Amino acid sequence: MEFKRDDLIKYGLVAILAITAAFPFISDSVFLLNLFVLMLISIIFASAWNLLAYSGQGSLGHAAFLGIGAYASTLIAIQSGISPFITIFLGATVAAFIGVLIGLTCVRLKEWFLAMVTFGFAIIVQALTVSILAPMTGGWDGIASPRLVSPSIPGYQLIEYYAILVITIASLIAIWYIMKSRIGLAFLAIRENELEARAAGVDPVRYRLIAFAMSSYLAGVAGALQIHHIGYITPELYGVDNSFWPITFVILGGLGTLAGPVIGTIVLTIIWEGLKATGLTFGRYVIIGFILILTIIFLPKGLVNLPERLQVWWKGRGRKGIRAVPQKE
Amino acid sequence: MDNIGIFLQIMFWGLYAGCIYILLATGLNLIFGVMKIVNFAHGEFLMIGAYITATVFLLTGINPYVILLLSMLALVGIGAVIERLCFRPILGTGKLNEIFLSIGLIYIFQNGAAMIWGDAWQSVKSPYDGITVPVGSLNVPVDYIIIIAFTAAILIALFLFLKKTRIGMEMRATSQNRKGAKLIGINVERIDIISFGIGCALAAAAGTLWVVSGQVFNPYMGSIPAVKAFAIIILGGLGSIPGAIIGGLLMGIAENSAAYYLGGIWKDAISFIILIIVLVIRPTGLFGEKGE
């Protein structure tokens, strides 16, 4: 059964990738292309958050690393003239470095103290950006950021799209390797039972910091890509919204799984854009809130768990009085 | 104004801001103490309380300090429903789950309120607007004094409720030992609902006092004060109501000093800087040893 499910998800992911890769040949809508780019970036960001959650650490301020990566990449690109293709990774390194620093303050804390610290950290970084760092960052007004691919090159949108697609796939493969590796096992061990992990020789502090570094690095990549795609950066990037989105994506898709953030991001993006067509503004967020709460209560393992749940329900149908309750692991 | 005058003024603003934090933090402490859940959406109850007061006041013109009671009652109801429908099903599945669920609640409440009342900043004028009382060298708006008095009255009432009534004692028993409370026949689920309702009512009181002070409010006003209230109860000790009071006052003063001396943007940041510094030095909080 497990084997089948894994296969299903693997083929599903490959199918999604194939559709995304072939998309520009099917449609030449700039709007959709733009939407796909932002969706790919969200997938990286949600996966980054998910990787940290995989080690048992739930961040409520991941927008901080999104923003730090974006600002660092932009500023390096402006000051030195290096291509954004390189500065993305330099900016992400800065984000990872600061992520480790925050991780250091968090490693000894209870899981929900950590949520508070990360939430507060995003607010502190925003305050720094618009006050002390304002001469560099342009304060609330923000600054222009070099485009990933210069608009003067013909077909620049397609080049950009495929570049971002490649980076997304590379990130997902990297996360897949991490999750399968000893590091991923260590993350799981710490998440499930820190004491036992320690007894088995896993150093929780070290692995938590590794998780922070990897997660903030990927979040930094996502932030830098987003900003170089849009071409402008403001401190709004640090907003609470940007911290909450990846959580919503991951919870809906399935916490702690590789496919969860991908599926969650795609499904929610479709719902979000569909709702936009109905003209709802605030109502869209209300619906997202209901989806999130209903998922947590009725589908705690997310959409990736849905096929199994349906199977259990299908087998259990007809038998009166017996409710299909999925077995606990 | 001379330096001492400015300092006194800041202290007074801090005292007033502290009142709002104290009410929020006490409510959170009560809920956390009894149910051990982390509800980041607590500030949304403050916001709903504020809007109920403002709406009823604008429609009827009844004195807003009277509407405070109505607002608190309404929030007891809303809180009970939220507890029953959202938090009870996931009780015991982990703190992170509770936090994620409260993010959903934040989305629903903030944007639901924006659908009803719009998302613009609003403010109302209290009937005592413009009346000031000289306190030392300061001219203090009479509303601020009423607000401080109301906060004190609510806290004393809560204290008596917890110490003297049967339900209050059951709440304390549940917070000390949930299993033990069950064993001696306390209906802990009923106590959960009551505690959640009272916690929400305290948030509604905070929201009402926010509105009558003449401060601006909008549907997104609640989230940051709620997280700050959490910072306060971490600093002041989980489950400790005196800790919440002292922490709330200190936070109010620190914040207003920072806003005055460093600039308005630091008003929110300073609370978290304090929180991070304290947690680096003492990962369990200043007085936190027991609790969870």
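Everything numeric here is computed off the predicted structure, so don't read it as measured data.

Engineer: Lay out the overall build of chain A in plain terms, naming residues and giving numbers.
Structural biologist: Within chain A one finds 14 helices and two strands. Against the compact-globule benchmark of 20 Å for 329 residues, chain A has a radius of gyration of 20 Å, which places it among compact chains. Seen through its C-alpha atoms, chain A measures out along the principal axes to roughly 70 × 50 × 35 Å. Every one of the 329 residues in chain A was classed for burial, and the buried ones make up 53%. Looking at chain A alone, contacts between residues at least 24 apart form 76% of all its contacts between residues at least 6 apart. Accessible surface, chain A as shown: approximately 15100 Å² in total, 68% of it carbon and sulfur. The distance from the centre of the 22 positive side-chain charges to the centre of the 16 negative ones in chain A is 10 Å.

Engineer: Before we move on, could you go through the overall build of chain B and cite the residues and values that matter?
Structural biologist: Along chain B, the regular secondary structure elements total 11 helices and two strands. Along the longest, intermediate and shortest principal axes, the C-alpha atoms of chain B span 60 × 50 × 35 Å. Here chain B, with 292 residues, has 56% of them falling under the buried criterion. Long-range pairs, those at least 24 residues apart, make up 75% of the contacts in chain B between residues at least 6 apart in sequence. Just so you have it, chain B exposes about 11800 Å², and 69% of that area is on carbon and sulfur atoms. Positive and negative charge centroids in chain B, built from 17 and 14 side chains respectively, lie 12 Å apart.

Engineer: I'd like to hear about helix H8 (residues 182-192) of chain A, residue by residue, with values.
Structural biologist: Residue and element names in this part refer to chain A. Among the residues of H8, those classed as buried are Gly184, Ala186, Phe187 and Ile190. The buried residues of H8 all sit within an arc of 160° when viewed along its axis, so they share a single face. Residues of H8 that are exposed and point more than 90 degrees away from the buried face comprise Arg182, Leu185 and Glu192. On its buried side, H8 packs onto helix H2 (30-54), helix H7 (156-180), helix H9 (194-199) and helix H10 (204-230). Capping of H8 at its N-terminal end is provided by Ser181; its side-chain oxygen lies 3.2 Å from the backbone amide nitrogen of Ile183.

Engineer: Before we move on, could you go through the side chain of Glu170 of chain B and cite the residues and values that matter?
Structural biologist: Checked against the element boundaries, Glu170 of chain B lands in helix H6 (residues 166-176). Look past the residues within four positions of Glu170 of chain B in its chain and what remains in contact with it is Ile186, Arg190 and Ile191 of chain B.

Engineer: Requested: an account of the interface of chain B and chain A, with residues and values cited.
Structural biologist: With 44 residues of chain B at the contact, the number on the chain A side is 42 residues. For the pairing of chain B and chain A, the buried interface totals around 3900 Å² over both sides, and the portion due to carbon and sulfur atoms is 85%. The interface formed by chain B and chain A includes zero salt bridges. The element contributing the most residues to the side of chain B that touches chain A is helix H4 (residues 95-117) of chain B, with 16 residues. Its residues assigned to classes, the side of chain B that touches chain A shows 35 nonpolar, five polar and four charged.

Engineer: If you had to explain a nonpolar patch on the surface to someone new, which residues and values would you point to?
Structural biologist: All names here are of chain B. Where nonpolar side chains cluster on the molecular surface, the patch consists of Ile4, Phe7, Leu8, Trp13, Tyr260, Tyr261 and Leu262 and spans about 760 Å² of accessible area. Mapped onto the nonpolar patch, the elements with two or more residues apiece are helix H1 (3-35) and helix H10 (241-262). On the secondary structure map, Phe7 appears in helix H1. Relative accessible area serves as the criterion here: at 45%, Phe7 is assigned to the partly exposed category.

Engineer: Which residues make up the environment of Pro204 of chain A, and what values do they have?
Structural biologist: Residue and element names in this part refer to chain A. As for its placement among the helices and strands, Pro204 is situated in helix H10. Pro204 sits 15 residues away from Ala189 along the chain, and the two C-alpha atoms are 9.0 Å apart. Setting aside chain neighbours within four positions, we find Pro204 in contact with Ile190, Glu194 and Arg198.

Engineer: Residue-level account of the confidence of the model for chain B, with values.
Structural biologist: Residue and element names in this part refer to chain B. Residues of chain B with pLDDT of at least 70 account for 97%, and the chain-wide mean is 88. Per-element confidence in chain B ranges from a low mean pLDDT of 79 for strand S2 (residues 138-141) to a high of 94 for helix H8 (residues 188-212). Interface predicted TM-score (ipTM) for the complex: 0.88; the corresponding pTM is 0.90.

Engineer: With reference to specific residues and values, describe unusual backbone geometry.
Structural biologist: With a phi angle near 60°, Lys36 of chain B is a residue other than glycine that sits in the positive phi range. Inspection of the secondary structure puts Lys36 of chain B in the loop between H1 and helix H2 (42-60).

Engineer: If you had to explain the environment of Ile102 of chain A to someone new, which residues and values would you point to?
Structural biologist: Residues and elements named next belong to chain A. The topology assignment puts Ile102 in helix H4 (residues 84-106). Taking the relative accessible area as the measure of exposure, Ile102 reaches 6% and is therefore buried. Counting along the chain gives 29 residues from Ile102 to Ser73, while the straight-line C-alpha distance between them is 20 Å.

Engineer: For the pattern of salt bridges, give the residues involved together with the corresponding values.
Structural biologist: Using the criterion set out here, one finds 11 salt bridges over all chains in the structure. A salt bridge links Glu170 of chain B to Arg190 of chain B, with the shortest nitrogen-to-oxygen separation between them at 3.5 Å. In this pair, Glu170 of chain B sits in helix H6 while Arg190 of chain B sits in helix H8, placing the two residues 20 residues apart along the sequence. Within the structure, one salt-bridge network assembled from shared partners comprises Glu194, Arg198 and Arg208 of chain A.

Engineer: Talk me through helix H12 (residues 259-277) of chain A; I want residue IDs and the actual numbers.
Structural biologist: Residues and elements named next belong to chain A. Relative to the 27 Å expected for 19 residues at 1.5 Å per residue, H12 spans 27 Å between its end C-alpha atoms, a close match to the ideal helical length. Within H12, burial applies to Ala259, Gly260, Pro261, Val262, Gly264, Thr265, Ile266, Leu268, Thr269, Trp272, Glu273 and Leu275. Looking at the residues trailing H12, positive phi occurs at Gly279, about 85°.

Engineer: Just give me the short version of the packing of helix H11 (residues 240-253) of chain A against H12 of chain A, but keep the residues and values in it.
Structural biologist: The packing of two helices is summarised by the inter-axis angle and the distance between the axes. All names here are of chain A. The interhelical angle for the contact between H11 and H12, taken along N-to-C directions, is 110°, at an axis separation of 7 Å. When the axis of H11 is compared with that of H12, the two are roughly perpendicular. Contacts between H11 and H12 involve Trp245, Thr248, Phe249, Val250, Leu252 and Gly253 on the former and, on the latter, Gly260, Pro261, Gly264, Thr265, Val267, Leu268 and Trp272. Each residue belonging to the contact of H11 with H12 can be placed in one class, and the counts come to eight nonpolar, five polar and no charged.

Here is what the cut-offs are and how they apply
Residues numbered from 1 in each chain as written. Chains lettered and ligands numbered in written order. Predicted model: local features only at pLDDT ≥ 70, side-chain atom pairs only at ≥ 80, totals over all residues. Heavy atoms only, no water. Helix = DSSP H or I, 4+ residues; strand = E, 2+ residues; numbered from the N terminus. Rg over C-alpha atoms; globule rule 2.2 N^0.38 Å. Buried < 20%, exposed > 50% of the residue type's maximum accessible area, 1.4 Å probe, protein only. Contact = heavy atoms within 4.5 Å. Areas by Shrake-Rupley, 256 points an atom, 1.4 Å probe, with all protein chains shown as cover. Lys, Arg positive; Asp, Glu negative; His and termini not counted. Charge placed at Lys NZ, Arg CZ, Asp CG, Glu CD. Arc of directions from axis to C-beta. Polar contact = N/O pair within 3.5 Å; in protein donor to acceptor, adjacent residues only side chain to side chain. Buried area = accessible area lost by both parts, 1.4 Å probe. Salt bridge = Lys/Arg side-chain N within 4 Å of Asp/Glu carboxyl O. Nonpolar A, V, L, I, M, F, W, Y, C, P; charged D, E, K, R; others polar. Patch = residues over 30% accessible without salt bridge, like charges linked within 9 Å, V, L, I, M, F, W, Y side chains within 5 Å. pLDDT = per-residue confidence, 0-100. Expected span 1.5 Å × (residues − 1). Axes fitted to C-alpha atoms, helices over the stretch in contact; angles between N-to-C directions. Parallel < 35°, antiparallel > 145°, perpendicular 65-115°, else oblique.

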